[in-house]
Amino acid sequence: MSERGLFLAQRLSALLLGPLVLVHLAVILYAVRNGLTAGEILARTHGSAGWGLFYGLFVLAASVHAPIGVRNVLAEWTPLSKGTVDALAALFGAFLLVLGARAVFAVVMA
Amino acid sequence: MDAVSPKSLSVRIWRGKDDGRFETYEVPARDNQTVLDVVTEVQRRHEPALAYRFACRVGVCGSCAMTVNGVPRWTCRTHVAKVAEAGEITIEPLRNMPRIKDLACDMAGFFDKWQKAGGRFTGTRNRAEPPAAVDPASRKRVAVDAAIECINCAVCYSACDVVSWNEEYLGPAALNRAWTLVNDERHALRRTTLDLAMEQGGCGNCHTQGSCMRHCPVGISPTESIAGLKRMSLLSFLVRDHAAADALAKTEEPA
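In this text the structure is predicted, and so the values were computed from the model without any measurement.

> I'd like a description of the pairing of strand β4 (residues 71-74) of chain B, backed by residues and values.
Residues and elements named next belong to chain B. Residues P72 and W74 of β4 are buried on one face, while the alternating residues V71 and R73, pointing to the opposite face, are not. In terms of strand pairing, strand β3 (residues 65-68) meets β4 through 4 bridges, oriented antiparallel. From the neighbouring strand, M66 faces β4, where its bridge partner is R73.

> How would you sum up a nonpolar patch on the surface? Please name residues and give values.
Together, A:V21, A:L25, A:I28 and A:V32 make up an exposed nonpolar region whose accessible area comes to about 300 Å². With respect to the element layout, A:L25 can be found in helix α1 (residues 3-32).

> Give a detailed account of the packing of helix α7 (residues 172-182) of chain B against helix α8 (residues 190-198) of chain B, specifying residues and quantitative values.
Residues and elements named next belong to chain B. Two elements in contact, α7 and α8, have axes separated by 9 Å at closest approach and are oriented at 155 degrees. It follows from the interaxial angle that α7 and α8 lie roughly antiparallel. For the pair α7 and α8, the crossing hand works out as left-handed. Counted together, L175, A178, L181 and V182 of α7 and R190, T193, L194 and A197 of α8 form the full contact between these two elements. A breakdown of the residues in the contact of α7 with α8 according to their chemical character gives 6 nonpolar, 1 polar and 1 charged.

> Tell me about the side chain of B:T223, and please be specific about residues and values.
All names here are of chain B. Secondary-structure assignment places T223 in helix α10 (residues 222-238). Judged by its relative accessible area of 11%, T223 is buried. Not counting the four nearest positions on each side in its chain, T223 is found in contact with T208, G210, C212 and M213.

> Describe the side chain of B:T78, listing the residues and the values that go with them.
All names here are of chain B. Position of T78 among the secondary structure elements: in the loop between β4 and α2 (80-83). On the basis of relative accessible area, T78 is assigned to the buried category, the value being 5%. Once you skip the residues sitting within four places of it in the chain, T78 turns out to touch Q33, T34, V35, R73 and V83.

Thresholds applied
- Per chain, residues are indexed from 1 in the order of the written sequence.
- Chains and ligands are labelled sequentially in the order written, the chains with letters from A and the ligands with numbers from 1.
- Per-residue local features are limited, in this predicted model, to residues with pLDDT of at least 70; the limit for side-chain atom pairs, both in listing and counting, is 80 or more; totals at the level of whole chains, interfaces and linings are taken over all residues.
- Only hydrogens and water are set aside; all other atoms, that is, all heavy atoms of the structure, feed into the side-chain values.
- Throughout, exposure labels follow a simple rule: accessible area from a 1.4 Å probe, protein chains only, divided by the maximum for the residue type, with under 20% read as buried, over 50% as exposed, and the rest as partly exposed.
- Numbering goes from the N terminus for both helices and strands, where a helix is a DSSP run of H or I of at least four residues and a strand is a run of E of at least two.
- Here, a strand pair is defined by DSSP locating no fewer than two bridges between the strands.
- Patch criteria: residues need more than 30% relative accessible area and no salt bridge. Like-charged residues are merged within 9 Å; nonpolar side chains of Val, Leu, Ile, Met, Phe, Trp and Tyr are merged within 5 Å.
- To measure how exposed things are, a 1.4 Å probe is used in the Shrake-Rupley method; for residues, cover is taken only from the protein chains shown.
- In what follows, salt bridge is the name for a side-chain nitrogen of Lys or Arg lying within 4 Å of a carboxyl oxygen of Asp or Glu.
- Axis definition: a line fit to C-alpha positions, over the contact stretch in the case of helices; interaxial angles, taken between N-to-C directions, run 0 to 180 degrees.
- Throughout this description, any angle smaller than 35 degrees is read as roughly parallel, any larger than 145 degrees as roughly antiparallel, any in the 65 to 115 degree range as roughly perpendicular, and the remainder as oblique.
- For any pair of crossing helices, the crossing counts as left-handed if the nearer helix is rotated counterclockwise from the farther one by less than a right angle, and right-handed if it is rotated clockwise.
- Only heavy atoms enter the contact rule, under which two residues are in contact if any of them lie within 4.5 Å.
- Only Asp, Glu, Lys and Arg are considered charged in this grouping, and only Ala, Val, Leu, Ile, Met, Phe, Trp, Tyr, Cys and Pro are considered nonpolar; every other residue, Gly among them, is considered polar.

Structure, rendered in structure tokens:
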């Protein structure tokens, strides 16, 4: 993907992540204020298409956004070649995607 | 003023290329004296072989920029009284460009990057047609009011830390130039210029440190121009103006 494409992908995913992160944090604060346990929270999210969509989108946006930033940091701060940096960033993105997909699966399906 | 010795000024000037050294010269301190005056005095009276660059002496041409006490400046518009520290000034060539000799550096790479950023103007009309009437109050023209005042002196390029650690980075001046062209309704290749300014070495590398803006002798903010290019690139993706894109594609075909 071109630099311009990566720039656009990072900005657009940030646009999505902004509200998603805020809702995520607000729900955490709201849900645990009376001592709801993890088990009780999972019982409520289980089978919810809404939460599945919410966190599915969250994971997608994060796994697009973060690797692009990591790629820039690696390119500027390490002597690694461009190809290596691209490969590491892509791997990191795939890692986030798998990790996130597992979590979403656990929250709504497992 | 009080920091300057009433009688003489001690001037440390870089001599040679990369493996050169500082030489110290004593010149008379005067009431009204620019750093360029001092360099000229050193060359005329002490060191005829001293290489430096200047043309207009009045802040119009942008030729005489040097590093004065560690800060990139137009030497013709810098009074000694403002920069001397305990009767001393240190003068070096600009940073981020290959040194040629003494205070002169090679600006070819700096100007090559203007081309890489899509900085060449391509007109839409031939000489038989009337010139375009650009409304001075139009949004696009107002957006570049400051940016078009750039005279290519390379002070911003020398001040930029990103340029010093990333040789691919096109730098603030080239991207500022691109910003003026993407807002110029007479420029045929606006989309091309925008895309080039966003490519490898382009706007994405800017860290918004603002050294360019801080040191620009005419008060331009290339940082703002770079932010404008990023915004325009994002908007051009979100709001597709198909008619305009088609028209642009047609004019850009031969390029």
